[in-house]
Amino acid sequence: MTPAVTTGVWADVVGQPEAVRVLLEAARAALHFTSGRSAAPGAMTHAWLFTGPPGSGRSVAARSFAAALQCTGDAEEPGCGECSACRTAVAGTHADVRVVVPEGLSISVSEMRSLVQVAARRPTTGRWQVVLIEDADRLTEGAANALLKAVEEPPARTVFLLCAPSDHPDDVSVTIRSRCRVLSLGTPSPAAIADVLHRRDGLDPQTAEWAASVCGGHVGRARRLATDDEARRRRESVLRIPLGLRRFADVFPASDDLVRSAESEAKTVSGTLDEAEREALQTAMGAGGTGKGTASATRGAKGALKDLERRQKSRATRTQRDALDRALVDLAGFYRDVLLAAFGADAPLAHPDKAEDVRAAAGQWTPESALRRLEAVLACREALDMNVKPRIAVEALVTALHTGR
Amino acid sequence: MSAPAVTPDPLHLVLGEEELLVERAVRAALEAARLADPEAELRRVRVTEITPAELAEMLSPSLFAEGRVVVLDAAQEVGKEIAEAVTTYAKQPADGVVLVVVHTGGGRSKAAKDLPGALRKAGARLTECAKITKPSEREAFVRDEVRRAGGRIDPAGVAALVEAVGQDLRELASAAGQLVADAGGKIGEAEVRRYHRGRAEVTGFVVAEKAVTGDRVGALEALRWALHLGVAHVLIADALADAVRTIARVSAVGRADPFRLAGELGMPPWKVKKAQAQARGWNQDGLAAAMQVVADLNAEVKGVAADPGYALERAVLRILDAHQPR
Ligand SMILES: [Zn+2]
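Residues numbered from 1 in each chain as written. Chains lettered and ligands numbered in written order. Predicted model: local features only at pLDDT ≥ 70, side-chain atom pairs only at ≥ 80, totals over all residues.

- Per an unreviewed UniProt entry, the recorded name for chain B is DNA-directed DNA polymerase, and the organism is Longimycelium tulufanense.
- The Sequence similarities (unreviewed entry) comment attached to chain B in UniProt states, word for word, "Belongs to the DNA polymerase HolA subunit family."
- For chain B, the Catalytic activity (unreviewed entry) comment in UniProt is given as "DNA(n) + a 2'-deoxyribonucleoside 5'-triphosphate = DNA(n+1) + diphosphate". (UniProt positions renumbered as here; feature names shortened; annotations may be inferred.)

- If you look chain A up in an unreviewed UniProt entry, it shows as DNA polymerase III subunit delta' from Longimycelium tulufanense.

Given below as structure tokens:
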């Protein structure tokens, strides 16, 4: 096995040595190509699809690759992480790297069309015109079609980097997939996550190890748990639910808690963002100006503001659903751990710090009822995915967790 | 106000099978009689349930000249003796007595078949109440109803109303009356649609209420009616979910003062009170099952089910099955 590259921008790609090797090689070939030297045929591709389970670092890997493509440092190790091209590419401010993070629930056709136009231009400062789409699974059909045309006949110096979770493979159109080189990321090991939390983020080894052990292979989640008291408190309250449902009356407070904490998390996330975005927009539209053309400018500003509010609202819905889903993933992990304990299986636990609760639960419930509870959690995740009202879905779930039937 | 000096028609023949119209004709005869004599009493019997002697007694004028309205129902089943008595009486009606004969127009015996003709010959006032079967007749009925209520309706409004309400004359009549009361004089398609959207929410609510109280026939009927009206599936599903969850929440906290619980549960006291009453038909297993049903239904009406109408019906049946006394 190739030793893992852990320098420069690649240090951010946690626990994916094989993917890093492939990307580095492609970046080298690309560099040869732009500097006029011959490159191994097929080493460089104009369209990539980064897939992997949630938290595996798809977009981080794509950004690192974008940086490596633009890097002006060491030609044999592109992605030095120190040159201005690397730093701006990773930060998303490089003039020739467009990063699309869909803030609403999907990317619209008009957004995609303007993006495709930009992609067709020659790179201004760098070597490539890079277009990075973070959630390609959330493209509307129209947007996917607009993108497909560009991917099928890419301009000579344009590279498309699409990211999509591997648990929703059907959400990216088959045709687009077939035009892309697929880079599959795996779930990084706890050791690799702990290592990056300790060495890069400067967390103490104990906290880093704990966070890595309970994050389900989700690097961002681990970082959050290690650094955010509120996130830790929420996880504790979620994991108290299974053993806390003694009476039917316990169902509703627990449900309220789950839904409300997802709501408040969404509010915290969007509250600060919303205000900043509104201010930025008002400044850009020159709010409060006087003189000729002000009336029509005000009308335009109102439309833009309305549009922004619509997007912010859909982002809040998404954030809330994501927060709820995270809680459900934690719950599913608990019931899975109970099943493992019931069968005496020797697999790593999802919540090693809750081993005692897990044993207690395994003593109380039959394996069948633990399995039914696990299935209820998974069914609830699916229901939320299908836009079932969170309160209705969660109350039905917690009732099922209480009865075990 | 003194009664106008009118003498009511002493003899009425109400001919036909359209129940709503028959009832109206009978009521109109009674009202006309009471216009002349507000104290007029009503006696109503089926022709098959009286003897000739009883009939003679009913039709003879009272000693104190009080008015009386005698309604003979189901005259198509009349026997020979009574038919002869009625025909004889019709030739010379008594003072202060109004006789209303209700006849479908059919009949098996000759006496029964001949009765309407004989009454007409004797000068009975005829009200035709033939069954309304043709669309044009139904539309005319709707127009008349709206006019009776003091309004006017255009053809598009008539079509929309028939489409939304269906063919039942009683429903059509009450919708027409309500529409004029709500929308004022002129009624078009827009007024009809607005009126039914208002009713739609109520309708989903009715389905839910019948379902959680175990009224199987009523719940299914209300559901079909709601689907027929075109109430959005999501609205009915929401109403069902709300009803089930409210009962579950209220019964989870046990019996207590509704006013105290209202604050704790964040619901108005009347809602708590009602849910407490409804909760008597539920045990915890049933509620757990019903909560799962409404959660599944929410996904189904949002596009998972191929036929959301069927999904709703199945959900209502499952809720009814889960309903059982604790
Ligand atoms: Zn660099």
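Overview of the pairing of strand S3 (residues 68-73) of chain B
Residue and element names in this part refer to chain B.
No. 1: Summarising the sheet, strand S2 (residues 41-46) and S3 pair through 6 bridges and their orientation is parallel. Note on S3: the bridge partner recorded for Val45 is Leu72.
No. 2: Strand direction decides the pairing type here: S3 and strand S4 (residues 97-103), joined by 5 bridges, are parallel. Of the residues in S4, the one forming a bridge with Leu72 is Val101. (Pairing = 2+ DSSP bridges. Helix = DSSP H or I, 4+ residues; strand = E, 2+ residues; numbered from the N terminus.)

A short note on the packing of helix H1 (residues 17-34) of chain A against helix H2 (residues 58-70) of chain A
Residue and element names in this part refer to chain A.
No. 1: Their axes nearest at 9 Å, the elements H1 and H2 cross at an angle of 25°. Looking at the two axes, H1 sits roughly parallel to H2. Seen from above, H1 lies across H2 with right-handed handedness. Contact residues: Ala19, Leu23, Leu24, Ala27 and Ala30 in H1; Ala61, Phe65, Ala68 and Leu69 in H2.
No. 2: Considered class by class, the residues forming the contact of H1 with H2 number 9 nonpolar, no polar and no charged. (Axes fitted to C-alpha atoms, helices over the stretch in contact; angles between N-to-C directions. Parallel < 35°, antiparallel > 145°, perpendicular 65-115°, else oblique. Left-handed = near helix turned anticlockwise from the far one by under 90°. Contact = placed C-beta atoms within 7 Å. Nonpolar A, V, L, I, M, F, W, Y, C, P; charged D, E, K, R; others polar.)

Notes on the sheet that holds S4(B)
Residues and elements named next belong to chain B.
No. 1: Here 5 strands make up an open sheet; going across it, the order is S2-S3-S4-S1-S5 and the pairing parallel. Two strands bound the open sheet, and with one partner strand each, they are S2 and strand S5 (125-128). On average, each strand axis in the sheet is inclined to that of its neighbour by 15°, with strand direction left out of account.

Observations concerning the interface of chain A and chain B
No. 1: Facing 16 residues of chain A, the contacting portion of chain B comprises 15 residues.
No. 2: Counting only elements with at least two residues in the side of chain A that touches chain B, the list comes to helix H11 (251-285) and helix H15 (390-403) of chain A.
No. 3: For the side of chain A that touches chain B, the residue count by class is 11 nonpolar, 3 polar and 2 charged.

Side note on unusual backbone geometry
No. 1: Phi at Asn387(A) is positive, roughly 70°, even though this residue is not glycine.
No. 2: Checked against the element boundaries, Asn387(A) lands in the loop between helix H14 (367-385) and H15.

What about the confidence of the model for chain B?
No. 1: In the predicted model, chain B carries a mean pLDDT of 87, and 95% of its residues have values of at least 70.
No. 2: For this predicted complex, the interface confidence comes out at an ipTM of 0.74, alongside a pTM of 0.66. (pLDDT = per-residue confidence, 0-100.)

Structural notes on the environment of Gly177(B)
All names here are of chain B.
No. 1: Looking at the element boundaries, Gly177 is found in helix H7 (residues 169-183).
No. 2: Using a count of 16 C-beta atoms within 10 Å as the deciding quantity, one classes Gly177 as partly exposed.
No. 3: With 30 residues separating them in the primary sequence, Gly177 and Arg147 have C-alpha atoms 9.3 Å apart. (Buried ≥ 20, exposed ≤ 12 C-beta atoms within 10 Å, placed from the backbone.)

Considering the sheet that holds strand S4 (residues 158-165) of chain A
Residues and elements named next belong to chain A.
No. 1: Sheet architecture is open: 5 strands sit in the order S2-S3-S4-S1-S5, paired in parallel fashion. What marks the edges here is a single partner per strand, and that holds for strand S2 (97-100) and strand S5 (181-184). Strand-to-strand twist in this sheet, taken as the mean axis angle between neighbours without regard to direction, amounts to 15°.
No. 2: Relative to S5, strand S1 (residues 47-52) is paired through 4 bridges, and the arrangement is parallel. Considered in S5, the bridge of Phe50 is made with Leu183.

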